[in-house]
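Reading the structure
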Amino acid sequence: MDVTQPGAYALDPFPHYERMRATAAVFQDDRSGSWHVFRYDDVQRVLSEHATFSSRMGGDNPSGSGQLFAASLITTDPPRHRQLRSLVTQAFTPKAVDALAPRIAELTDELLEGIAARGSADLIKELAYPLPVIVISELMGIPAEDRERFKQWSDVIVSQTQSGPAGGGDDATAAEMIGYFLALIDQRRSRPGEDLISTLLAAEIDGQKLTVPELLGFCSLLLVAGNETTTNLIGNAVFCLAESPGTLERVLEEPDLLPQTLEEVLRFRSPVQSMYRVSVAETFLGDQRIPAGAPIVAWIGSANRDEQQFQRPAEFDVDRSPNRHLAFGHGVHFCLGAPLARLEARIALEALLARLPGLSLAPEAQLERMESTIVYGLKALPVRWQPA
Ligand code: HEM
């Protein structure tokens, strides 16, 4: 099977990854010219050796959604990356994230309040989808009435990035979003608030501030990186618990197991399955010679099932320790939002387990995967429970 074909949107791509690890662990797709990397050690190397594997996928003239990310953290290499990252981490400290916990719990409660008496619902639509958008938009100080537009942009941008962040794109959506953020940045410059954009405008390192394109890049990145991924962590967690007999009951009995259960979800059904790099110089991966300038796809979803790294990798095991999954990447680009994603997912799961007793997949549920080779999540998650 060609990993870039629609067959790759399978709910169960893992047997395919297993075959690739065994037979073609570093493999060039003749059609696109891209190299695909499937083993844990190689994926970790590609993600973290930034001097050999660059994150500047769009080159100097990216188009479509690529423009949005051209000046963002995720498409910048050191040394500039280090400066950008220190600027944004000033606004994204663990303390700032922890302070969001009560508000996240409140929002989760409001969303569940609306469905608790029903006994059945699509959890993606009712909770996993709206929660991260509201959290990130509140963090950025986006007015509540613009949330829906915000989510729509995020969806369009994510669907465009299926062939990599530099892939083609809907220029109209990119332009609309750029216009919106430019106006917001202007407004915050004249009237700063407590929000992330105001903090970013004020952040400084070595007397340097973020440029407007850099601010734009960061806003767009948060929109995509912070929404769809967290939605899928929550959805995939419910999916994993529902499909592994006894696990849900165990987590209910021992709530302290929840954080490590979420780590296992991140490994087992990783919300981000693949990331992109481009080789800077000729190098070797396994026994394959990779020329300079080659696009490379690092299959995180496969690395996280590698039998060389994990015992019984096809088993969902909440007691797994150590669990050195690569779901948030590795090295200098390690996910900036990991603490926020973990916090949101923990609060959402705690609330789901407490408020929806007897939670299980709806018997008629036909689970389908979203059509993306980068993100892994369900289109819908029909569940039922015993309403109070
Ligand atoms: C379960 C949820 C999430 C997953 C699985 C995830 C995954 C990832 C991965 C794999 C990377 C590394 C990219 C690379 O190496 O090229 C990354 C980077 C990043 N993520 Fe996340 N992410 C999640 C949630 C979030 C959230 C909630 C935010 C922000 C609110 C966020 C913001 C970022 C940013 C800004 C980067 C770029 C960091 C850099 O390049 O230095 N992510 N994420």
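Look above for the structure.
For the structure given in this document, a descriptive report is provided here.

Definitions and limits used
- Residues numbered from 1 in each chain as written.
- Predicted model: local features only at pLDDT ≥ 70, side-chain atom pairs only at ≥ 80, totals over all residues.
- Heavy atoms only, no water.
- Salt bridge = Lys/Arg side-chain N within 4 Å of Asp/Glu carboxyl O.
- Helix = DSSP H or I, 4+ residues; strand = E, 2+ residues; numbered from the N terminus.
- Buried < 20%, exposed > 50% of the residue type's maximum accessible area, 1.4 Å probe, protein only.
- Axes fitted to C-alpha atoms, helices over the stretch in contact; angles between N-to-C directions.
- Parallel < 35°, antiparallel > 145°, perpendicular 65-115°, else oblique.
- Left-handed = near helix turned anticlockwise from the far one by under 90°.
- Contact = heavy atoms within 4.5 Å.
- Nonpolar A, V, L, I, M, F, W, Y, C, P; charged D, E, K, R; others polar.
- Donors = N, O, S within 2.8 Å, 3.2 Å for Na, K, Ca; no water.
- Polar contact = N/O pair within 3.5 Å; in protein donor to acceptor, adjacent residues only side chain to side chain.
- Phe/Tyr/Trp six-rings, centres within 6.5 Å; stacked < 30°, edge-to-face > 60°.
- Lys NZ or Arg CZ within 6 Å of the ring centre and 35° of its normal.
- Disulfide = S-S within 2.5 Å.
- Pairing = 2+ DSSP bridges.
- Near = heavy atom within 4 Å.
- Core = buried A, V, L, I, M, F, W, Y, C linked by side-chain atoms within 4.5 Å.

1. Let's talk about the pattern of salt bridges
- Applying the stated rule across the entire model yields 24 salt bridges.
- Measuring nitrogen to oxygen at the nearest pair gives 2.7 Å for the salt bridge that ties Arg 21 to Glu 307. Taken as a pair, Arg 21 in helix α1 (residues 14-23) and Glu 307 in the loop between α15 (300-303) and α16 (338-355) lie far apart in primary sequence, 286 residues in all.
- Here Glu 307 falls in the partly exposed class, since its relative accessible area comes to 40%.
- Among the ionic pairs, Arg 147 bridges to Glu 138, the shortest N-O distance being 3.5 Å.

2. Some words on the packing of helix α12 (residues 212-243) against α16
- For the pair α12 and α16, interaxial distance at closest approach is 9 Å and the crossing angle is 40°. Here α12 lies oblique to α16, going by the angle between them. Here α12 runs over α16; the crossing is right-handed. Counting all contacts with α12, which are made through Thr 230, Leu 233, Ile 234, Ala 237, Val 238 and Leu 241, the residues of α16 involved are Ala 341, Glu 344, Ala 345, Ala 348, Leu 349 and Leu 352.
- Broken down by class, the residue content of the contact of α12 with α16 amounts to 10 nonpolar, one polar and one charged.

3. Side note on the coordination of the iron atom of the ligand
- Just one protein atom donates to the iron atom of the ligand; it is Cys 335 (SG), sitting 2.3 Å from the metal.
- Following the sequence through the fold, Cys 335 ends up in the loop between α15 and α16.

4. Observations regarding the side chain of Glu 264
- For Glu 264, the position within the fold is in helix α14 (residues 258-268).
- The class for Glu 264 is buried, based on a relative accessible area of 0%.
- Reaching out from Glu 264, the side chain makes a polar contact with the side chain of Arg 267 at a distance of 2.9 Å.
- One polar contact links the side chain of Glu 264 to the main-chain amide nitrogen of Asp 317, over a distance of 2.8 Å.

5. Section: the packing of aromatic side chains
- What the rule picks out here adds up to 11 aromatic pairs.
- Note on Phe 14 and Tyr 17: the rings are 5.7 Å apart at their centroids and 75° apart in plane angle, and the pair reads as edge-to-face. Here Phe 14 pairs with Tyr 17, and both are found in helix α1, just three residues apart, close to one helical turn.
- Three or more aromatic residues link up through ring pairs in this structure, and these residues are Phe 14, Tyr 17, Phe 38, Trp 299 and Tyr 376.
- Against the face of Phe 310 rests Arg 267, its NZ or CZ located 5.2 Å from the ring centre.
- We note Arg 305 situated over the ring of Phe 14; from NZ or CZ to the ring centre the distance is 3.7 Å.

6. Focus on the state of the cysteines
- Scanning all chains against the criterion turns up zero disulfides.
- Not engaged in a disulfide, the cysteine Cys 219 finds its nearest cysteine sulfur in Cys 335; these two sulfurs lie 17 Å apart.

7. Observations regarding the pairing of strand β5 (residues 274-279)
- Counting buried positions along β5 gives five out of six residues, so the element sits mostly inside the fold.
- As paired elements, β5 and strand β8 (residues 295-299) share five bridges and run antiparallel to each other. Pairing of Ser 274 across the sheet is with Trp 299, part of β8.

8. Overview of the packing of helix α10 (residues 171-190) against α12
- Their axes nearest at 10 Å, the elements α10 and α12 cross at an angle of 115°. Considering how the two elements wind past one another, α10 and α12 form a crossing that is right-handed. Between α10 and α12, the contacting residues are Met 177, Ile 178, Phe 181, Leu 182, Ile 185 and Arg 189 on the first element and Val 212, Leu 215, Leu 216, Cys 219, Ser 220 and Leu 223 on the second.
- Partitioned by chemical class, the residues of the contact of α10 with α12 number 10 nonpolar, one polar and one charged.

9. Some remarks on the site of the ligand
- The ligand sits among 28 residues. The nearest are His 81, Arg 85, Arg 277, His 333 and Cys 335.
- In the model, an oxygen atom of the ligand is placed 2.6 Å from a nitrogen or oxygen of the His 81 side chain.
- Arg 85 places a polar side-chain atom, nitrogen or oxygen, 2.7 Å from an oxygen atom of the ligand.
- Element by element, the count of residues in the shell around the ligand is highest for α12, at seven residues.
- Classifying every residue of the shell around the ligand gives 19 nonpolar, seven polar and two charged.

10. A word on the environment of His 81
- Here His 81 is to be found in helix α4 (residues 80-89).
- Between the C-alpha atom of His 81 and that of Asp 319, which follows or precedes it by 238 residues, the distance is 36 Å.
- Look past the residues within four positions of His 81 in its chain and what remains in contact with it is Leu 73, Thr 76, Val 332 and His 333.

11. Concerning the nonpolar core
- One finds Leu 123, Met 140, Phe 181 and Leu 196 to be the most contacted residues of the largest nonpolar core, which totals 118 residues.
- Here the element with the most residues in this core is α12; it accounts for 15 residues.
- Excluding residues that lie within four positions of it along the chain, Leu 123 makes contacts with Ile 115, Ala 128, Val 238, Leu 352, Leu 356, Leu 359, Leu 381 and Val 383.

12. Considering the sheet that holds strand β1 (residues 26-28)
- The sheet built from five strands is open, its strands ordered β1-β2-β8-β5-β3 with mixed pairing. The open sheet has two edge strands with one neighbour each: β1 and β3 (53-54).
- Against the sheet, helix α2 (residues 40-48) contacts β1, β2 (35-37), β3, β5 and β8, and its axis sits at roughly 125° relative to β8.

13. Details of the environment of Val 156
- The topology assignment puts Val 156 in helix α9 (residues 147-160).
- Among the residues examined, Val 156 registers a relative accessible area of 25% and is labelled partly exposed.
- Spatially, the C-alpha atoms of Val 156 and Thr 173 are 7.5 Å apart, while their sequence positions differ by 17 residues.

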